[in-house]
Amino acid sequence: MTGTVGADEAVRRRYDVVVVGGGWAGSLLAKDLGERGWQVLVLEAGNGGAETWPGYLDSLSTFYSAVAKVPNSGYRRSVAAPFPDVLDLAPVRDPEPGEREYTANGYFVQNGRLPYGTDYLRELGGAAMHWLGAVPRMHPEDFATNERFGYGRDWPITAADLQPWYARAEFEIGVAGDAQGQRELGVVTDPDYVFPMHQIPASWIDRYCTGLDGTPILDEVADEQYPLKVHSLPQARNSTPNPDYRPGPYRPSSAVGLPNYGERCVGNASCVPICPVQAKSHPLRQQARFPRTVTTATRCVVTRVRLAGPTMGGRVSGVEFRAYTDPASPVGRSYVVEAGVVVLAAHAIENARLLLFSGLANGSDQVGRNLMDHPTVLNWALADERRGPVGPFRGPGHTSGWEVFRFGEGRRRRAPFRIEIGNWGWGWATGAPMSNVATALGVGGDRQGEIRPDGVFGPELRRLLGSTIGRQLQLQIAVEQSANPGNRVTLDRRHRDATGNLRPVLTYDLDPHTRSGVYAARLVAARIFQRLDATDWTNHAPRDGVPPLGHFTHTVDGTTLDLAYSGAGHGAGTHVMGSSPRDSVVDAFQRTWEHPNLYAVGCGSMPSIGTSNPTLTMLALALRSAEQIHQDLVLDRRPADVRPADEAEVPA
Amino acid sequence: MSDPTSPAVTADVQDFVELCVPLTGFSEFDLYATGMAERYLETVRQQVGPDRFAEFWAAWTAAVADGGGPQSLSPVHLEVARAVTYLWHTGAWPRLAPAAHAALRRQPANEEFVVAPEAYVEGLVWRTFHGHPGGAKPPGFGTWSVQPPPQSDILSLRQDLGLGELPFRAGLTAEVALDAVPGHLLPGLRAARYVPPSAVPTAAERPDTSRERA
């Protein structure tokens, strides 16, 4: 079912399940429960529109027109349901020693030592509308870093528990990958498994880097030599179906609103913020397949989860929400909707905000704590001129990586990291290729604002750009950040959005273990560039008194480096899963310990995020929760509340 | 009856396109093929002001005619020439050097903007490295695996464009050596994501890697 309803229509019924948030986790979970016959309501705070083809093209056009082509650049800002943007952060010129080096001027209030540089999107489909589509599984080590390496928090479940759910999630969203390569890494364990689609072809840059296979690279922080090997990245992106996939045959999903379109990636090279053909998987595809049992309402901002009466054993009765008509105007009406089960699937930070404001599930004092991300250190270099161009700005954002730094005993000394071999040149670090044009021409003036004397034009410009853009290499290195209760979301009645909802107040920092990971990653990248005979132009030092966002210095064995990280968009940890209500918010099924019919799903449940992009793990967990919610409902409704067979299918 | 082989645009646009060849390094055919020529001429006139644009255009016409090229322009005219070239290459009007913005007594805010969604798509910069604009003109499944073609050399570029010996640089004594590109012609780290491409600082000189214990 494609199509949404308004609030008046949505509240007419009582639902079995109300899902807060129409993003990845909420959409998969709602579809699963709806297919089992349960009546489900999905409340999305943001606007819809992209579920129609003209609406989607409007987002594409918005992206074309944006000067800063950041992840949210295809989507309009909203006053009624505001969201953070990477454009909200600004560096502070000439900061005093010890003073914060940034200001935050958007939806987030930030008071941490370092900036939380991650955005999300409140829009039908959520931040998945701008995600890259990287879906590596987590490694068995990642679930037990405390037990094995003495840092972070351990999961109440193991990688083995998740394997079948990973496989199901990979089917649901459509994953292309090389299963054998993932088995070598130890993240896929089934010896017969293949992904639904063959791997996305490696880029020419990947092949260029494969030349280093077998080369040992010293990581001096871990005090270990790591032999390089390029591994293909599993991606939720349409590729060639694998005939060996069981149960087959697998048919790639087409674009929502335009049948038979987008069934292969065609190399638009703009996965973030938007895939023009929708070959990149996104939740609107799940929503298009919603059965009639699922109702979706947009522009409904959930404000509070309601507790049932005091005799109800902590059960919740439903949610309050405000519906608006115009995203530019904070005017709306209040509603209450009741449901047997409430599922929060609104993003790690939004889930925490709702729990905190509702005063629920926080007996452990862990709600909002353990906020995580993958601090990402950018490294950029020009490839050897003699070997010619490498072909940047082609294909998906990254198609391969160096994985060897993710695992093993090195994790005791420093956080592990995953090296993404970037396909989009220096775009993230420097704003290339547009900034190459500007600096080669000399436009914009010098640091005093005077007109620059130097610059090239015409054929010389064309030749210089061809060479200096054509040889761009960038390694984006995502470093694991472990759970730290001091990194947290809180609320403060002084900070509200335009509709009166409390804005998230973030306190964020990187601990020494994570900082050592960033440090090690930077030096490893420098060594790799050396081995490629590339000229390393990476520089994270302040320029003219302006520190780059995420700047810090870190010292290992007496050597100090200027470092900086970017946010990866991987918000996690804020309603952490555990084995005891004393120190965690949800159980292994993402059910809040204190409220048996209130679930908080999403990356917020994750006690650690390893070095894997977290979406796939989030979706495996969501499907596992859907199964549990189904069991809860069956128990709850038997035998008093059996519905007639003509009204709904009997739950399977 | 008009000449059926001449482009269906005004003489102003024809003149604009002809003299944008030595600025951009792309042929008249390529410039017309963007479909943006008229829109760009309007944009430049609007941004610089019709009178100042006329002065600039006269100066540039003379600089091409007498073989001086960009280095014979006044500093303010040099900045306008850069902005016009940036527009063709990226589809966006850049942030000018504040000194030039002041000297031109411009009314509009000195901010970068994309002229139109289709202007982004028609940026020439992508073609300098055999690429395509991100999010448009996709080359097809798996094409990113193919080795990109080599760079065209400067001599054939000059010959193809019929540009002879005109020096295409300002403030530089010789052609840039591609195996030792100086930092002042490369972009550096964007300190924040809102910094528009035309305001990104140049790279510091080739970074010192001596702190690294090799």
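Keep in mind that this is a model prediction, so the values were computed, not measured.

**Here's the deal with the overall build of chain A**
Thinking step 1. Within chain A one finds 14 helices and 23 strands.
Thinking step 2. The principal-axis extent of the C-alpha atoms belonging to chain A is close to 80 × 55 × 50 Å.
Thinking step 3. Considering chain A as a whole, with its 652 residues, one finds that 68% of them fall into the buried category.
Thinking step 4. Expressed as a percentage of contacts within chain A between residues at least 6 apart in sequence, the contacts between residues at least 24 apart total 73%.
Thinking step 5. Accessible surface for chain A amounts to roughly 20,900 Å². Of this, 49% is attributable to carbon and sulfur atoms.
Thinking step 6. A gap of 3 Å separates the mean positions of the 65 positive and 70 negative side-chain charges of chain A.

**Comments concerning the domain arrangement of chain A**
Residue and element names in this part refer to chain A.
Thinking step 1. What the domain assignment lists for chain A is domain 1 (7–196 + 234–261 + 280–373 + 487–503 + 571–637) and domain 2 (377–479 + 511–564).
Thinking step 2. Taking only C-alpha atoms, the centre of domain 1 and the centre of domain 2 are 31 Å apart.
Thinking step 3. Each side of the interface is counted separately: domain 1 has 31 residues, and domain 2 has 28 residues.
Thinking step 4. Both sides of the domain 1 and domain 2 interface together cover about 2,300 Å² of buried area, and 56% of this is carbon and sulfur.
Thinking step 5. The largest per-residue losses of area from domain 1 upon contact with domain 2 belong to Phe149, Tyr151 and Thr611, which jointly make up 26% of the total buried on that side.
Thinking step 6. Connecting domain 1 to domain 2 are 2 salt bridges.
Thinking step 7. Residue Asp142 pairs with Arg411 through a salt bridge whose shortest N-O separation is 2.8 Å.
Thinking step 8. Run the count over domain 1 and domain 2 and you get 10 residue pairs in polar contact (both at pLDDT 80 or more).

**A few points about helix H5 (residues 159–173) of chain A**
All names here are of chain A.
Thinking step 1. Between its first and last C-alpha atoms H5 spans 20 Å; for 15 residues at 1.5 Å apiece the expected length is 21 Å, and the two agree.
Thinking step 2. Taken together, the buried positions of H5 are Ala159, Leu162, Gln163, Trp165, Tyr166, Ala169, Glu170, Glu172 and Ile173.
Thinking step 3. Of the surrounding elements, those touching the buried residues of H5 are helix H2 (24–35), helix H8 (283–288) and helix H14 (615–637).
Thinking step 4. Backbone geometry just downstream of H5 places Gly174 in the positive-phi region, at approximately 80°.

**Considering the interface of chain A and chain B**
Where interface size is given, it is often the accessible area lost as the parts come together that is meant.
Thinking step 1. Contact with chain A, which involves 108 residues of that partner, is made by 97 residues of chain B.
Thinking step 2. For the pair chain A and chain B, the two sides together bury roughly 8,600 Å², of which 64% comes from carbon and sulfur.
Thinking step 3. Put simply, chain A and chain B have 3 salt bridges between them.
Thinking step 4. Across the pair Glu460 of chain A and Arg158 of chain B runs a salt bridge, and its minimum N-O distance is 3.3 Å.
Thinking step 5. Inspection of the chain A/chain B interface yields 35 residue pairs in polar contact (both at pLDDT 80 or more).
Thinking step 6. Counting residues per element, the side of chain A that touches chain B draws most heavily on helix H12 (residues 458–470) of chain A, at 13 residues.
Thinking step 7. Here strand E16 (residues 455–456) of chain A runs beside strand E3 (residues 169–170) of chain B; their pairing, made up of 2 bridges, is antiparallel. Bridge pairing in E3 of chain B places Val456 of chain A opposite Arg169 of chain B.

**Details of the nonpolar core**
Thinking step 1. Counting 249 residues, the largest nonpolar core has Leu43, Ile173, Trp402 and Ile528 of chain A together with Phe16 of chain B as its most contacted members.
Thinking step 2. The greatest single-element share of this core, amounting to 10 residues, is contributed by H14 of chain A.
Thinking step 3. Split by domain, the residues of this core number at least three in each of domain 1 (7–196 + 234–261 + 280–373 + 487–503 + 571–637) and domain 2 (377–479 + 511–564) of chain A.
Thinking step 4. Core analysis: the second largest hydrophobic core is formed by 6 residues, Leu549 of chain A together with Ala192, Val195 and Val200 of chain B among them.

**Some details on the pairing of strand E7 (residues 224–227) of chain A**
Residue and element names in this part refer to chain A.
Thinking step 1. Direction of pairing for strand E6 (residues 216–219) relative to E7: antiparallel, over a ladder of 4 bridges. Paired with Pro216 across the bridge in E7 is Pro227.
Thinking step 2. Taking the residues that link successive antiparallel strands as the turn, the E6-E7 hairpin has 4 residues, and the phi of Asp223 there is positive, at about 60°.

**Focus on the packing of helix H1 (residues 11–24) of chain B against helix H4 (residues 50–65) of chain B**
Residue and element names in this part refer to chain B.
Thinking step 1. The geometry of H1 relative to H4 is characterised by a closest axis approach of 11 Å and an angle of 60° between their N-to-C directions. Accordingly, the angle class assigned to the pair H1 and H4 is oblique. The hand of the H1/H4 crossing is left-handed. Mapping the contact onto sequence places Asp15, Phe16, Leu19, Cys20, Pro22 and Leu23 in H1 and Phe53, Trp57, Trp60, Thr61 and Val64 in H4.
Thinking step 2. Its residues assigned to classes, the contact of H1 with H4 comprises 9 nonpolar, 1 polar and 1 charged.

**Overview of the environment of Phe129 of chain B**
Thinking step 1. Positionally, Phe129 of chain B belongs in the loop between helix H8 (125–128) and helix H9 (154–161).
Thinking step 2. What makes Phe129 of chain B buried here is its relative accessible area of 4%.
Thinking step 3. Spatially, the C-alpha atoms of Phe129 of chain B and Leu157 of chain B are 14 Å apart, while their sequence positions differ by 28 residues.
Thinking step 4. Look past the residues within four positions of Phe129 of chain B in its chain and what remains in contact with it is Pro392, Phe393, Pro433, Gly466, Ile469 and Gly470 of chain A.

**Some points on the pattern of salt bridges**
Residues and elements named next belong to chain A.
Thinking step 1. Scanning the model with the defined rule gives 46 salt bridges over all chains in all.
Thinking step 2. When the shortest N-O distance is used, the salt bridge between Arg637 and Asp16 registers 2.5 Å. Linking Arg637 in helix H14 with Asp16 in strand E1 (residues 15–20), this pair joins segments that are 621 residues apart in sequence.
Thinking step 3. When the shortest N-O distance is used, the salt bridge between Glu320 and Arg306 registers 2.8 Å.

**Observations concerning the sheet that holds strand E20 (residues 535–536) of chain A**
Thinking step 1. Read across the open sheet, the 6 strands follow the order E8-E14-E15-E17-E13-E20 (chain A); overall the sheet is antiparallel. Looking at the sheet topology across the chains shown, the edges are occupied by strand E8 (230–232) and E20 of chain A.

**Things to note about the packing of H2 of chain A against H14 of chain A**
All names here are of chain A.
Thinking step 1. The geometry of H2 relative to H14 is characterised by a closest axis approach of 9 Å and an angle of 35° between their N-to-C directions. For the pair H2 and H14, the sense of crossing is right-handed. Facing Trp24, Ala25, Leu28, Leu29, Asp32 and Leu33 of H2, the residues of H14 in contact are Thr615, Met618, Leu619, Ala622, Leu623, Ser625, Ala626, Ile629 and His630.

**Digging into the side chain of Glu460 of chain A**
Thinking step 1. Mapped onto the elements of the fold, Glu460 of chain A is located in helix H12.
Thinking step 2. Residue Glu460 of chain A is classed as buried on the basis of its relative accessible area of 3%.
Thinking step 3. Within the structure, the side chain of Glu460 of chain A is placed 2.8 Å from the side chain of Arg169 of chain B, a separation counted as a polar contact.
Thinking step 4. In this structure, Glu460 of chain A is in contact with Ile154, Arg158, Phe168, Arg169 and Glu175 of chain B, ignoring residues within four places of it in sequence.

**What about unusual backbone geometry?**
Residues and elements named next belong to chain A.
Thinking step 1. Omega for the peptide link from Arg246 to Pro247 comes to -5°, which places this bond in the cis form.
Thinking step 2. Mapped onto the elements of the fold, Pro247 is located in the loop between E8 and H8.
Thinking step 3. In this structure, Arg299 is a non-glycine residue whose phi angle is positive, near 55°.
Thinking step 4. Relative to the helices and strands, Arg299 is located in the loop between strand E9 (294–297) and strand E10 (300–307).
Thinking step 5. Backbone geometry places Asp533, a non-glycine residue, at a positive phi of 55°.
Thinking step 6. Within the secondary structure, Asp533 is located in the loop between helix H13 (512–531) and E20.
Thinking step 7. Judged by relative accessible area, which is 48%, Asp533 ranks as partly exposed.

Conventions and cut-offs
- Residues numbered from 1 in each chain as written.
- Chains lettered and ligands numbered in written order.
- Predicted model: local features only at pLDDT ≥ 70, side-chain atom pairs only at ≥ 80, totals over all residues.
- Heavy atoms only, no water.
- Helix = DSSP H or I, 4+ residues; strand = E, 2+ residues; numbered from the N terminus.
- Buried < 20%, exposed > 50% of the residue type's maximum accessible area, 1.4 Å probe, protein only.
- Contact = heavy atoms within 4.5 Å.
- Areas by Shrake-Rupley, 256 points an atom, 1.4 Å probe, with all protein chains shown as cover.
- Lys, Arg positive; Asp, Glu negative; His and termini not counted.
- Charge placed at Lys NZ, Arg CZ, Asp CG, Glu CD.
- Domains from an automatic or database assignment.
- Buried area = accessible area lost by both parts, 1.4 Å probe.
- Salt bridge = Lys/Arg side-chain N within 4 Å of Asp/Glu carboxyl O.
- Polar contact = N/O pair within 3.5 Å; in protein donor to acceptor, adjacent residues only side chain to side chain.
- Expected span 1.5 Å × (residues − 1).
- Pairing = 2+ DSSP bridges.
- Core = buried A, V, L, I, M, F, W, Y, C linked by side-chain atoms within 4.5 Å.
- Axes fitted to C-alpha atoms, helices over the stretch in contact; angles between N-to-C directions.
- Parallel < 35°, antiparallel > 145°, perpendicular 65-115°, else oblique.
- Left-handed = near helix turned anticlockwise from the far one by under 90°.
- Nonpolar A, V, L, I, M, F, W, Y, C, P; charged D, E, K, R; others polar.

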